[in-house]
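Residue strings, one per chain:
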Amino acid sequence: MRIVDLRSDTITKPTSAMRRAMAEAEVGDDVLGDDPTVKRLEEMAAARLGKEAGLFVASGTMGNLVSLLAQCGRGDEVIVGDQAHTYVYEQGGMAALGGIHPRVLRNQPDGTLDLDEIVAAIRDPHNPHFPKSRLITVENTHNRCGGSPLSVDYMRSLGKLAREHGLLLHLDGARIFNAAIALGVDVKALAADADSLTFCLSKGLAAPVGSVVCGSKPFIAEARRARKVVGGAMRQVGVIAAAGIVALEQMVERLAEDHANAGILAAGLAELPGIRVEDVPVRTDIVYFNVTRADMDAAQLTARLGEHGVRMLPLGPRRIRAVTNYHVTADDIEAALVTCRAILA
Ligand SMILES: Cc1ncc(COP(=O)(O)O)c(C=O)c1O
C-alpha cells in the first residue's frame, strides 16, 4: 500500500547526503568547545540569519526554553499568543522551569498578535502589584494558525514596538525558512528585529535532530549556560550537526515544492463535500481543514484515511492537520485526494 504521511514535516528522514556527512563528521567534545562540525553549523546558521552567534540545541522546545531562560528572570512576564507552540505545547516550560509568567494574548487568524493589544498588555513598571513585562515572543510560520508566515513589515513594526517599550523580542522560527521561501524574502529580513530566535533543522529541512538558537554573542553566552542547566550540553555531537549543515546547504530552496503540494492539497480538499478548508493569506506546508458533516468527526475521518495509507493528524473534534514534506510528491497528493474523495463520496 502506498503510504502518504502528512502527519507532520517532522516525520522526514535524513537524506543519503546527510547520512554520509554524519558518518564522516569530524567531532570533539563540544562542551569543551572542541567539536569543529558543531562550530561550523553554529557559524553558518548565525551568518544565514544575520546574527552574531549560534547555539546548537536538541530541539525547538529546548531552543525556545533556553532563549527565555537566558533573557528573563523569575517573575518576569512574557507576552505570548494563545496559539503559540511555546504556550500550548511545551508543558509551560517557561513557568515550570524559569518562573516566567506568560501574559497570553489572542492570536489573530494569521498568527500575528495585534500591536495595540500588545501595548495595552505592557505592565506599568512602577506599580509593585505587577510582574515586569520583559519579552514578546512570536512564531513564524505560525503552526496552529494555518502555517501562516508573518511578513517582514509586521516583524519590523513589532521590533519597533518592542524597542520603544524596552522589551526584548524572541522569534520561534521553527519554520522560518518556510516563511522566507513562501514570502520570497531573505530570511535575514524576517530575523532582523529579533533579539533571539530559534529555528528547526528537523522539520521541513529533514535533518534527524536539532535546532539552532541565534542572537548576539552575549545572548548566546547566556543561552549556552541555560542549555547546560537543562542537560542539553552534548559531547561529540558533530555527528548530528553534520546533518544540519547539509540541511542548510541543500534543503531550504526545495521547501517551495512542499508549499506547492500543500496548495494543491488545499484546493482539492476544498472541492469535497463535508470539508471546509481553513484559508490562509499565504500557504506554506501546513493545511488545516474541518469535517462539517454530522455523521463523521476528525478522528473517524483520519482513522478511515489511515486504513488506506493516508496519514493526517486530528487536532480537534472536527479539525485535521496535513503537512507536506520531503517524502510526499505531487503524485502522492493526487493519490491522497483520490482516497479522500472515495471516503467522503
Ligand atoms: C512552531 C513550533 N515551535 C517549536 C516546536 C518544537 O520543536 P521540537 O519538536 O523540536 O521540540 C514545534 C514543533 O512542532 C513547532 O511547530
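Preceding block: the structure.
Bear in mind that the values here come from a model prediction, so they are computed numbers and not experimental data.

> Tell me about the site of the ligand, and name the residues and values.
Surveying the vicinity of the ligand reveals the residues Ser 59, Gly 60, Thr 61, Asn 64, His 85, Glu 90, Glu 139, Asn 143, Asp 172, Ala 174, Arg 175 and Lys 203. Contact between the ligand and Gly 60: an oxygen atom at 2.9 Å from a main-chain N or O atom of the residue. Arg 175 is positioned such that a nitrogen or oxygen atom in its side chain is 2.8 Å from an oxygen atom of the ligand. In isolation the ligand offers 390 Å² of accessible surface; the protein chains occlude 83% of this area.

> Could you give me a rundown of the nonpolar core, with the residues and numbers involved?
Formed by 52 residues in total, the largest nonpolar core has its most connected members in Ile 136, Phe 177, Phe 199 and Leu 201. At 7 residues, helix H11 (residues 238-250) tops the list of elements feeding residues into this core. In this structure Ile 136 touches Ile 79, Leu 113, Ile 118, Leu 158, Leu 161, Ala 162, Leu 167, Leu 168, Leu 169 and His 170, once residues within four positions along its chain are discounted. In this structure, Leu 272, Ile 320, Ile 333 and Ala 336 belong to the second largest nonpolar core, which totals 27 residues.

> Requested: an account of the pattern of salt bridges, with residues and values cited.
The tally for this structure, following the rule as stated, stands at 18 salt bridges. A salt bridge links Arg 254 to Asp 258; the shortest N-O distance between them is 2.6 Å. The exposure class assigned to Asp 258 is buried, which follows from its relative accessible area of 0%. Residues Asp 295 and Arg 293 are paired through a salt bridge, measuring 2.9 Å at the closest nitrogen-oxygen approach. By relative accessible area, which is 21% here, Arg 293 ends up partly exposed. If you follow the salt bridges from partner to partner, you end up with Asp 5, Arg 7 and Arg 311 in one network.

> Which residues make up the sheet that holds strand S9 (residues 275-277), and what values go with them?
The antiparallel open sheet is built from 4 strands, whose spatial order is S9-S10-S13-S12. Strand pairing shows two members of the sheet lacking a second neighbour, S9 and strand S12 (313-314), which therefore form its edges. Of the pairings in the sheet, the one linking strand S10 (residues 286-291) to strand S13 (residues 319-323) comprises 5 bridges and is antiparallel in character. Across the sheet, the residue bridging to Ile 286 is Val 323, located in S13. Against the sheet, helix H12 (residues 255-270) makes contact with S9, S10 and S13, and its axis sits at roughly 15° relative to S10, the strand it touches most.

> Residues and numbers for helix H2 (residues 36-49), please.
Counted at 1.5 Å a residue, the expected span for H2 with its 14 residues is 20 Å, and the 20 Å between its end C-alpha atoms agrees. The complete set of buried residues in H2 reads Thr 37, Val 38, Leu 41, Glu 42, Ala 45, Ala 46 and Leu 49. Along the long axis of H2, the arc covered by the buried residues comes to 165°, so they all point the same way. Exposed side chains of H2 directed beyond 90 degrees from the buried face belong to Glu 43 and Ala 47. Taking the backbone nitrogen of Thr 37 as reference, a side-chain oxygen 3.0 Å away marks Asp 35 as the first, capping residue of H2. Positioned one or two residues after H2, Gly 50 has a phi angle of 75°, which is positive.

> Just give me the short version of the sheet that holds strand S2 (residues 53-57), but keep the residues and values in it.
Strands sit in the order S2-S8-S7-S6-S5-S3-S4 across an open sheet of 7 strands; the sheet is mixed. Of all strands in the sheet, those bounded by a partner on one side alone are S2 and strand S4 (101-105). The sheet shows a mean angle of 20° between the axes of neighbouring strands, taken without regard to direction. Note: strand S5 (residues 132-139) against strand S6 (residues 168-172), 5 bridges, orientation parallel. Paired with Thr 137 across the bridge in S6 is His 170. This element, helix H10 (residues 217-229), spans S2, strand S7 (196-200) and strand S8 (211-215) of the sheet and lies at about 15° to S2.

> Before we move on, can you summarise empty space enclosed by the protein with the specific residues and values?
Here the structure, examined in full by the defined rule, presents 2 cavities of 30 Å³ or more. Approximately 40 Å³ is the volume found for the largest cavity. In terms of lining, the largest cavity is formed by Ala 174, Arg 175, Ile 176, Phe 177, Asn 178, Cys 200, Lys 203, Gly 204, Leu 205 and Leu 255. Element by element, the count of residues in the lining of the largest cavity is highest for helix H8 (residues 176-183), at 3 residues. Per-class residue counts for the lining of the largest cavity are 6 nonpolar, 2 polar and 2 charged. Put simply, the second largest cavity is a space of about 30 Å³. Together, Gly 81, Ala 84, Asn 107, Gly 111, Leu 113, Thr 137, Val 138, Glu 139 and His 142 line the second largest cavity. Ranked by residue count, the leading element in the lining of the second largest cavity is S5, at 3 residues. Taken together, the residues of the lining of the second largest cavity break down into 3 nonpolar, 5 polar and 1 charged.

Criteria and cut-off values
- Residues numbered from 1 in each chain as written.
- Predicted model: local features only at pLDDT ≥ 70, side-chain atom pairs only at ≥ 80, totals over all residues.
- Heavy atoms only, no water.
- Near = heavy atom within 4 Å.
- Polar contact = N/O pair within 3.5 Å; in protein donor to acceptor, adjacent residues only side chain to side chain.
- Areas by Shrake-Rupley, 256 points an atom, 1.4 Å probe, with all protein chains shown as cover.
- Core = buried A, V, L, I, M, F, W, Y, C linked by side-chain atoms within 4.5 Å.
- Buried < 20%, exposed > 50% of the residue type's maximum accessible area, 1.4 Å probe, protein only.
- Helix = DSSP H or I, 4+ residues; strand = E, 2+ residues; numbered from the N terminus.
- Contact = heavy atoms within 4.5 Å.
- Salt bridge = Lys/Arg side-chain N within 4 Å of Asp/Glu carboxyl O.
- Pairing = 2+ DSSP bridges.
- Axes fitted to C-alpha atoms, helices over the stretch in contact; angles between N-to-C directions.
- Expected span 1.5 Å × (residues − 1).
- Arc of directions from axis to C-beta.
- 1 Å grid on protein atoms, 1.4 Å probe; cavity = no way out; pocket = protein on both sides within 12 Å on 5 of 7 lines; lining within 4 Å.
- Points joined across faces, edges and corners; volume = space filled by probe spheres on them.
- Nonpolar A, V, L, I, M, F, W, Y, C, P; charged D, E, K, R; others polar.

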